[in-house]
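# Summary of the model geometry
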Protein chains: 2
Amino acid sequence: MRKYFEVDPWKIIEENFDPAYNRVAESVMSLGNGQMGIRGNFAEKYTGDSLAGTYLAGVYYPDKTVVGWWKIGYPEYFAKVPNATNFIGIDLSIDEERIDLAKVDFSDFSRELNMKEGYLERNFTVNLATDKHVQITEKRFLSKSENEIAVIRYSVKSLDQNIMLTLTPYLDGNVRNEDANYNDYFWNPLTQEIKEEAGFLTMETRKTNFRVATAMNWQLNKANYEVHRLEEDNWVGNKITVKATANEELILDKYIAVTTSRDYKKEIVTKKAVSKVSAAAKKGYQQLFREHTNAWQKIWQDSDIIIEGDPAAQQAIRFNIFQLNQTYTGEDPRLNIGPKGFTGEKYGGLTYWDTEAYCLPFYLATHNNQVSKNLLLYRYRHLEKAKENAGKLGLAGALYPMVTINGEECHNEWEITFEEIHRNGAIAYAIFDYVRYTDDKSYLADYGLPVLTEISRFWADRVQYNKQKNNYMILGVTGPNEYENNINNNWYTNKIAVWTLNYTLQAYQYAKINHPDKYEMWQQKLNLSETELKKWQDISKKMYYPRLEEYDIYAQQDGYQDKEQITKKDIAESELPLNQNWSWDKILRSPFIKQADVLQGIYFFLDEFTRESIKKHFDYYEPRTVHESSLSPCVYAIIAAEIGYLKKAYQLYLRTARLDLDNYNEDTDDGLHITSMAGTWLAIVKGFARMKVKNNQLNFSPFLPEAWDGYSFKILFRKRRLKITIKNDTILIELEDGQPLKLKIYEQEAEVIQGKVISIPLKDQRVCQ
Amino acid sequence: MRKYFEVDPWKIIEENFDPAYNRVAESVMSLGNGQMGIRGNFAEKYTGDSLAGTYLAGVYYPDKTVVGWWKIGYPEYFAKVPNATNFIGIDLSIDEERIDLAKVDFSDFSRELNMKEGYLERNFTVNLATDKHVQITEKRFLSKSENEIAVIRYSVKSLDQNIMLTLTPYLDGNVRNEDANYNDYFWNPLTQEIKEEAGFLTMETRKTNFRVATAMNWQLNKANYEVHRLEEDNWVGNKITVKATANEELILDKYIAVTTSRDYKKEIVTKKAVSKVSAAAKKGYQQLFREHTNAWQKIWQDSDIIIEGDPAAQQAIRFNIFQLNQTYTGEDPRLNIGPKGFTGEKYGGLTYWDTEAYCLPFYLATHNNQVSKNLLLYRYRHLEKAKENAGKLGLAGALYPMVTINGEECHNEWEITFEEIHRNGAIAYAIFDYVRYTDDKSYLADYGLPVLTEISRFWADRVQYNKQKNNYMILGVTGPNEYENNINNNWYTNKIAVWTLNYTLQAYQYAKINHPDKYEMWQQKLNLSETELKKWQDISKKMYYPRLEEYDIYAQQDGYQDKEQITKKDIAESELPLNQNWSWDKILRSPFIKQADVLQGIYFFLDEFTRESIKKHFDYYEPRTVHESSLSPCVYAIIAAEIGYLKKAYQLYLRTARLDLDNYNEDTDDGLHITSMAGTWLAIVKGFARMKVKNNQLNFSPFLPEAWDGYSFKILFRKRRLKITIKNDTILIELEDGQPLKLKIYEQEAEVIQGKVISIPLKDQRVCQ
């Protein structure tokens, strides 16, 4: 952990550049607009340590799988969104000295991420041996309004003497991934061209043949310059030589357009990039920037969280909301959210169950329905692949992959790939969560039924009937707690399997009454029989759930009671994190829990448990949970809040709030924990404010963490925008937009209408801990 | 399965060469002498499919580990005995046409492995387009009497016309492994030299720096020839041009010496090879061959098995005995037995628990004590490494590696490396087995105690005391049945752990009384306390063993009873082998057993069980066992014989008897199943003849498989050689050498003395099956 960045409500500020920390800063300073993302790399040459990263959503390379011993069913490849053509590059020479911040003397360095307006600005002054001092400013953004456009404004000003400047804006396709299993180069060059003031580079990914055209165009705010066309293999650039007098500010605007064959026919991909970049240049920097910031303004209007009395928390939550919005915009159902977004190579930009379990609630509450619907449609579109995936394991129905970009499984550890099947439940749960929040029940009839049916079929085939005990079991699984592998009867898995079967049965009931045509269509298409539905009911009735009777709680799995009954208190601080100190077998046979497992089920099905029972489960499992997944603390925070463990809730929230800003796990150099950022949002909105949709109604039962003076947040709910403020022992609810709404506060009915703020005293919900 | 080789009591004969089957034939035709081994590759150029293999015992390269996801404790490398300098090469041209059996027309091909005398002979006639017919004969052996020497006699005879011959004997260091994780070349060249009629090549393995010198010398049985020295990078040869008249037989004798820095100081390795090869050439082919065959004669005298009425079985058992003797000679305690010996790249020539569990009994009964003692000393020498290995897992004592060449773990799957800890028990059991058979109790005091102590310490730390149940458990293991991973309380593991503790306590008792000095020395050196011994007793008393009460048997592990209770009969033939048809998760949650697990324990501790109890266990577990390890059927065969399931015993024996000769598992192309060959021997000697050492006495209770007319075998036992013959409803026991011996036949006392054959009627031991 390191407090490296300056605290500011709307900015992330790096001063006093530390080269050893550059990768972390590059991750934090990443920009993205859903369509593409870039790490905060320098525009000019830099020979110090750096992870270059330009990523294009949905453009992937299937990197051949690496395993120790091959097992039947392992995927052939791990897809990776590859590092793509570097388009930010602008080489800088002053008086023929190439500027490289790893070598030149410089001062007044700052790198600032402006979250309000979505841009990155860098400032520094180069101090030359000739006693010349030259100030550089770079400002860049990936347009939120035109998602194929990027713009860089590069300004140079000599503070004292005349200088001879060379600026070389370029496009570089000679880029590699650090993480390439067999050191492969992922790209094939196609065409390239360089004119004066414009050029392009078109490449294709190997094997998958995604065509990507990157075009640039530039403008200088001065007429007298010389320009040369430079060209190498997979590299084009313009060398601009220009004189600058003392205090004259030279401004180079570099416009970039990136187009891909995901969006256009291959033949026109290059043409599109060229025309788009030329249109962008014509529109000009100011206009593009205005449109871009307007888009960000809209986002903040719908989803900002204000925290009072804790500037570091304020900065952190905005950083999280900002990065989530940079990663996924929800316009394209072919895209999804990688655990690192577009901020590094780790996890290859692929999709995990993080999306359904953690990110969906954030998008539900901060964007219009179509955005979360698109997250659901992503899985709907992959249904056939999920059926193939189940088939590979010899099972009926659909098994959604653990890790994917195109619906095919990419994960290559048997204990995860083949056994961590609870993920399938999260896909079903997301449908329920979406319908519950949006009330868009028609989704069930249009898209939900086939997905729910095939997942149910998978469960029905995967369970095993135990004649002797007349019950159903699920053997050989890995639960959400990946510190247990190949266990029998993971309660969470058994629970979500049965829940899926029941919800599917309910969905059919609903469709039968409300959408009889579609009901019949799916029944036929899916070849559904009464026998099958009865079988589901039977499984649901006779499922076995392991228990720890002594504690009156559900057991994480069969045999959990035989583990050594120690808690985190019994192990030395130096042993943590376990995954960096213990061998895998020691972790597996220990009672320690990586992330919410039984509690994940309680979180999903909170209303089925009494407060007393939730407490028992929390009291037993939390002291055994080491939270070595960034997705863990938020769930515990929400449950802690639910049972009045308010301090605990706040402590848990702190574990993820500034995870990347303070490099809490010392791995932010790899990229940001994007999906876990949604967890922080959840901890505040579902935890501190206890927002729920219950009986088709919005509920709040908030508390105020002691460390804060107050907080407020916006949510969108069924075509309304609400602002909830918790401050001065009061909860204020304001309907900023939309029709009046009945809701519940502390279980009491209330109605909000525009122009009238509801004010209710905060309840003290603390219990002794 | 394919019956490809001709049946012959002493030979393996290949006629009608099938290029598609060449790799299998190369494996089967492998030669070895404990120090080195070569696959049955052709001497002359061959561009068809072939796996070139020259392996030097104990010379290894540490190939960087490949894993999907790294886990703490994974080994850095997988050691591999690399393919070494090809020394068999003799290029042949006739009338300037290069002879390549993949291209030239040939007839009368045969490749024959002579097991009695330990050589490989190849014959074929080349039919040239010029209508010349040239007969080639190659005969080679790796000397059993001088284990650094190899000899090839290459004869060429034109059957009809004069020919111009070019023979190029060479040494080629440009050899690679097909199985190289990162495609590395494993060798560094050092020096090379070529003279007329002699040359050498010295190379070093990369990273490990084993220096290997290969020297050659050759003689032609004709004076008029031209010779050229040829030299390339890592390659030396002599091009000999000679005329041959019709029917003149030209004979080229190529002598090879291979020396390594395992045996000599680096500086003299090359000199040694050069002087040894020159001495060999001076000694000459005939003398070397005579010494070689004498050595084989001695081996057969001590260990032959004769089977009457079943020539295929006769050939097979001799093949197994032959290959075991080619692989390991027991002169060097630094060496051990790889599952594939020196016949292929698979398993890298490394050591598994196969040695202790399967091979040791063979060597005990067919070689003098020093050979099996050296197998034990191999582990004694690795004790410090085994302690480090336990330390890496955070555990006390010693954990012997799953796979090793120098004492360090090489296996890289957590479920095996970290969890298949029962292997440790086999190391302890081997000491017991050795002492039981040889009565060499002093081994305990000299070497056994520290090994037993450190293994016991490992168990004592690895068990977990369960307060509530007041018993000890072992969680998170993989048993011998590798179709279960990360299970709790594998009965076999718990059993062998407790057995180790008890045996260690007994060993201390024995040493205290009989070797008080050494007892005290070890007690001090090992810092052994009474408390520790008491702890071991406590664990032994309170160990928990899972049971299947319904069947009155031990359960393979906790939860086994919850598996689907189906047997092999319930799955289609087409699903087998499971490991080629089922995904890993399906295998894991099925009840199917890869290889003896509970029955491995019963096999080890046969005397602790009643016949009735053994029957119950066999009846339950055998129908659930798919025998997908070549090491499985022999154990079941022995137990089947024990309980009178004689047909079953014979059926099970058949599954391994001709495993490689008939390519039963379709994987002999990779190399031979060397360690499983010991299992076939066990099935006959411990199964059919029911040989045991019980109460310090040799026991036999033989039966005769219906398919055979009779069988007889030799064993060495405490400085005696016995011949046991089962034939004509009679068992004959003859003491061929040594002092009189009291033994038991069908539990009845008897005494054998030289010159007087004991004859006892065979008992009918069949039970209904």
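Structure shown above.
Let me sum up the structure you'll find in this document. (Residues numbered from 1 in each chain as written. Chains lettered and ligands numbered in written order. Predicted model: local features only at pLDDT ≥ 70, side-chain atom pairs only at ≥ 80, totals over all residues. Heavy atoms only, no water.)

What follows deals with the interface of chain A and chain B. Taken together, the contact pairs 42 residues of chain A with 42 residues of chain B. Here chain A and chain B share an interface that buries about 3800 Å² over both sides, 52% of which is from carbon and sulfur atoms. For chain A, the biggest contributors to the area lost against chain B are W69(A), D562(A) and R589(A); these three give 18% of the whole. There are six salt bridges connecting chain A and chain B. Linking E413(B) and K71(A) is a salt bridge whose minimum nitrogen-to-oxygen distance equals 2.5 Å. Put simply, chain A and chain B have 20 residue pairs in polar contact (both at pLDDT 80 or more) between them. Those elements that provide at least two residues to the side of chain A that touches chain B are α8 (414-417), β21 (464-466), α14 (578-581) and α15 (584-589) of chain A. (Contact = heavy atoms within 4.5 Å. Buried area = accessible area lost by both parts, 1.4 Å probe. Salt bridge = Lys/Arg side-chain N within 4 Å of Asp/Glu carboxyl O. Polar contact = N/O pair within 3.5 Å; in protein donor to acceptor, adjacent residues only side chain to side chain. Helix = DSSP H or I, 4+ residues; strand = E, 2+ residues; numbered from the N terminus.)

Before going further, it helps to spend a moment on the pattern of salt bridges. The final tally for this structure, using the stated rule, is 116 salt bridges over all chains. With a shortest N-O distance of 2.7 Å, R140(A) and E138(A) are connected by a salt bridge. Under the relative-accessibility criterion, E138(A) is labelled buried at 2%. One salt bridge in this structure joins K727(B) and E308(B), with 3.1 Å as the shortest N-O distance. Here E308(B) lies in strand β20 (residues 305-308) and K727(B) lies in strand β28 (residues 721-727), a separation of 419 residues in the sequence. Through salt bridges with shared partners, one network takes in K298(A), D302(A), K714(A), R721(A) and E736(A). (Buried < 20%, exposed > 50% of the residue type's maximum accessible area, 1.4 Å probe, protein only.)

Another aspect to go through is the nonpolar core. Counting residues in hydrophobic clusters, the biggest one holds 498 residues, and the most contacted among them are F700(A), I715(A), L722(A), F700(B), I715(B) and L722(B). Contact partners of I715(A), with chain neighbours within four places excluded, come to D302(A), A365(A), Y437(A), W681(A), M691(A), L698(A), F700(A), R720(A), R721(A), L722(A) and I724(A). (Core = buried A, V, L, I, M, F, W, Y, C linked by side-chain atoms within 4.5 Å.)

All right, on to the packing of aromatic side chains then. Two measures describe an aromatic ring pair: the distance that separates the ring centres and the angle between the ring planes. This model, assessed by the stated rule, comprises 139 aromatic pairs over all chains. Aromatic pair F17(A) and Y46(A): ring centres 6.1 Å apart, planes at 75°, arrangement edge-to-face. With F17(A) in the loop between β1 (11-15) and α1 (22-28) and Y46(A) in the loop between β3 (36-38) and β4 (54-56), the pair connects residues that are 29 residues apart, well separated along the chain. For F17(A), a relative accessible area of 13% gives the class buried. Every member of this aromatic cluster is reached through a ring pair, and the members are Y429(A), F432(A), Y492(A), W499(A), Y503(A), Y603(A), F604(A) and F605(A). Looking at R153(A), its charged tip hangs above the ring of Y285(A), at a distance of 3.9 Å from the centre. Positioned above the aromatic ring of F289(B), the side-chain terminus of K139(B) is 4.4 Å from the ring centre. (Phe/Tyr/Trp six-rings, centres within 6.5 Å; stacked < 30°, edge-to-face > 60°. Lys NZ or Arg CZ within 6 Å of the ring centre and 35° of its normal.)

Residues and elements named next belong to chain A. Each neighbour pair has its own omega, and for L576 with P577 the value is -10°, a cis peptide bond. Mapped onto the secondary structure, P577 falls in the loop between β24 (553-554) and α14. With a phi angle near 70°, D131 is a residue other than glycine that sits in the positive phi range. Along the chain, D131 falls in the loop between β10 (119-127) and β11 (133-142).

For a regular strand, side chains alternate in direction, first toward one face of the sheet and then toward the other. Residues and elements named next belong to chain B. A large share of strand β15 (residues 198-205) lies buried, amounting to seven of its eight residues. Where strand β14 (residues 187-195) and β15 come together, eight bridges link them in antiparallel fashion. Within the sheet, the bridge partner assigned to E193 lies in β15 and is F200. Where β15 meets strand β16 (residues 211-220), seven bridges bridge the pair, whose relative direction is antiparallel. What sits directly across from L201, in β16, is T214. Hairpin connection from β15 to β16: five residues lie between these consecutive antiparallel strands, with K207 at a positive phi of about 65°. (Pairing = 2+ DSSP bridges.)

Function cannot be inferred from these measures alone, as they are strictly geometric.
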